[in-house]
Amino acid sequence: MRSIAYELLSGHKLYADIFFTNLPLFAYISEIYFLITKGDIYVFYFTSSLEAALVAMVIYKIVYRETSDYITSLSSSLLYLFSLVILFVTNGQQGIITASLFAVVAYYFLQKGKYLLAGTFLSLCFLTKGYFIIVILPFFLKTLLQKNRKNYHLYIAFVTLTALVILPFVLGSLKEALRDTVQFYLSKGVGMSKGTIFQHVLIYDPLLLILLFYNILRIHKNLFFGTLSLLFIFYFTFSAGFYYVYLGMITPFLCISYPNFYFSLKKLFQPQKYIQITVVSMYVFYPLLMYLLSFSSLNKINHFPEMVATIKKEKPSYIYGVSSLSPILAYETGTPLLENIVDTNEDLYKNKIYDGTKLTREAIQKRTMLISVGSFYPDQNIREDIVNISIDK
């Protein structure tokens, strides 16, 4: 997203010049982050952690308002902050925590009966990440069933703001916007193995799984959380491309629903006053430890300064290759990206949106530095310098 922000600040247009697979708001939020952080990649990524802290604060506020119990409120916040899902998502800045922040603020205003503000923040959530519609639908259902004439303010605010933000793209680059969002989503390939994702949650975040099914079992008592949990399971089951980070959209609401689960247990076992915070503290220590041991260095790029130095020495005309690294190297070295291509997701090539062979030929003709992912296992006599399909070997 940092690269998208840089391209926008350089005068390029979203969808028309920059391939962008989601609704437009977070691209422009990224511009603000880019300006505030002065383009520093580490500080830019840290904004996701700051957003997560804000989400935790709103969760505390919501739970305390409902329970007047500061230990339970703190427990809910800790469960969110130290879930493996959130620790993993805050490794970078993808907009998922941003959308979550808008969603929990919308819930806060909904509970206070401020429907206009709730609808506004729901719109901001949707415009940040379109697939958060799974989270937004229970809001609509909840207000629809409430007998309150002011409920329609939520729908008016949501529709009006969404239309105002999307309208310029409808008028100026509708074809490109539909290609980048709807067409790409419908043709997106299979993501992570759903069995692997389920196994990760079961091992590292079992309480989230318990809360998910608990909400479904008591849907008759709390329609909002029950419906949200059912919709998420439906999305997880039938979505063609599902990734671990998508769990981030339901995690804050599972943590908000935690008091319902805790007070049900309290009726059965009547634990002492401070046993809850002790158990929760022990619980959050486990995913934090697992994250530090197994996930904190995942996809870490070694020798980055040497890469920058090499590109500056070779002085290529363009840079082209794997999207996790090429845009960053382009920014750090002041070298333009070939055809201004920021995103080289493999699905874009599998679905013929980009032609890897054609772009590779063009890259060679234009003296382009190719950035590739490779595999090297000397003990098995394996060396593949190019494994990403954006480059034709």
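Anything mentioned here points back to the structure above.
Attention here is on the structure that accompanies the text. (Residues numbered from 1 in each chain as written. Predicted model: local features only at pLDDT ≥ 70, side-chain atom pairs only at ≥ 80, totals over all residues. Heavy atoms only, no water.)

## Notes on the overall build of the protein chain
The condition is simple: Helix and strand labels come from DSSP, where a helix needs a run of H or I of at least four residues and a strand needs a run of E of at least two; each type is numbered from the N terminus. Here the radius of gyration uses the C-alpha set of atoms, whereas the globule reference equals 2.2 Å times the residue count to the power 0.38. Contacts are assigned to residue pairs that have any heavy atoms within 4.5 Å of one another. Each accessible area is a Shrake-Rupley result for a 1.4 Å probe, and residues are judged covered by the shown protein chains and nothing else.
Across its full length, the protein chain holds 19 helices and 4 strands. For the protein chain, whose C-alpha radius of gyration is 23 Å, the value lies close to the compact-globule estimate of 21 Å for 393 residues. Once the C-alpha set of the protein chain is aligned to its principal axes, its extents read approximately 70 × 55 × 40 Å. Pairs at least 24 residues apart make up 70% of the contacts formed inside the protein chain by residues separated by at least 6 positions. Total accessible area on the protein chain is roughly 20,000 Å²; 63% of this is exposed by carbon and sulfur atoms.

## Some remarks on the pattern of salt bridges
Put simply, the rule is: Any carboxyl oxygen of Asp or Glu within 4 Å of a side-chain nitrogen of Lys or Arg constitutes a salt bridge here. With a 1.4 Å probe rolled over the protein chains alone, any residue whose accessible area is under 20% of its type maximum counts as buried; one over 50% counts as exposed, and the rest are partly exposed.
Applying the stated criterion across every chain yields a total of 4 salt bridges. Here K366 ties to E362 by a salt bridge, and the two come within 2.8 Å at their closest N and O atoms. Exposure remark for K366: the relative accessible area of 34% places this residue in the partly exposed category. The salt bridge partner of E384 is K393, with a shortest N-O separation of 3.2 Å.

## Some words on helix α2 (residues 25-37)
Three or four residues apart is the spacing at which side chains of an α-helix point the same way, because the helix has 3.6 residues per turn. Worth spelling out the cut-off: Given the number of residues in a helix, its expected span is that number minus one, multiplied by 1.5 Å.
The end-to-end C-alpha distance of α2 is 19 Å, a good match for the 18 Å that 13 residues give at a rise of 1.5 Å each. Buried residues of α2: L25, F26, A27, I29, S30, E31, Y33, F34 and T37, and no others. Remark: K38 follows α2 within two positions and exhibits a positive phi of approximately 55°.

## Some remarks on the state of the cysteines
Stated precisely, the cut-off is as follows: Criterion for a disulfide: a pair of cysteine sulfur atoms at a distance within 2.5 Å.
On inspection of all chains with the given rule, the structure shows 0 disulfides. Here C125 is not cross-linked by a disulfide; its sulfur's nearest cysteine counterpart is in C255, at 16 Å.

## Structural notes on the packing of α2 against helix α3 (residues 41-67)
Note the following rule: With axes taken as lines fitted to C-alpha atoms, and helix axes fitted only over the stretch in contact, angles between N-to-C directions fall between 0 and 180 degrees. Here a crossing is called left-handed whenever its near helix is offset anticlockwise from the far helix by less than a right angle, and right-handed whenever the offset is clockwise. We call Asp, Glu, Lys and Arg charged. Ala, Val, Leu, Ile, Met, Phe, Trp, Tyr, Cys and Pro are nonpolar, and the rest, Gly among them, are polar.
With their axes 9 Å apart at the nearest point, α2 and α3 run at an angle of 115° to one another. The two elements α2 and α3 meet at a crossing, and its hand is right-handed. Of the residues in α3, those touching α2 at S30, Y33, F34 and T37 are V43, F44, T47 and E51. Of the residues contributing to the contact of α2 with α3, the split by class is 4 nonpolar, 3 polar and 1 charged.

## Focus: the nonpolar core
What counts is decided by this rule: Side-chain atoms within 4.5 Å link the members of a nonpolar core, which is a set of buried Ala, Val, Leu, Ile, Met, Phe, Trp, Tyr and Cys residues.
In terms of nonpolar packing, the biggest core is built from 88 residues, with Y80, F139 and F253 touching the most fellow members. Ranked by residues supplied to this core, first place goes to helix α6 (residues 96-111) with 13 residues. Excluding residues within four positions of it along the chain, F253 makes contact with A103, V104, Y107, V135, F139, F224, F225 and L228. Core analysis: the next-biggest nonpolar cluster, separate from the first, contains 19 residues, L8, F169, V342 and I371 among them.

## Considering the side chain of S83
Here S83 shows up in the loop between α4 (70-81) and α5 (84-89). Looking at S83, the relative accessible area reads 2%, which means it is buried. If we skip the residues at most four places from it in the chain, S83 touches D205, L208 and T251.

## Topic: the environment of Y258
You can see Y258 is positioned in helix α14 (residues 258-269). C-alpha of Y258 to C-alpha of T72: the two residues are 186 residues apart in sequence and 8.4 Å apart in space. If we skip the residues at most four places from it in the chain, Y258 touches T72, S75, S76, L79, L207, L211, Q276 and V280.

## A word on unusual backbone geometry
Backbone geometry at S68 places phi at a positive 55°, although glycine is not the residue there. Tracing the chain through its elements places S68 in the loop between α3 and α4. We classify S68 as exposed; its relative accessible area is 57%. A positive phi is found at R367, a non-glycine position, where the angle reads about 55°. Residue classification places R367 among the partly exposed positions, given a relative accessible area of 46%.

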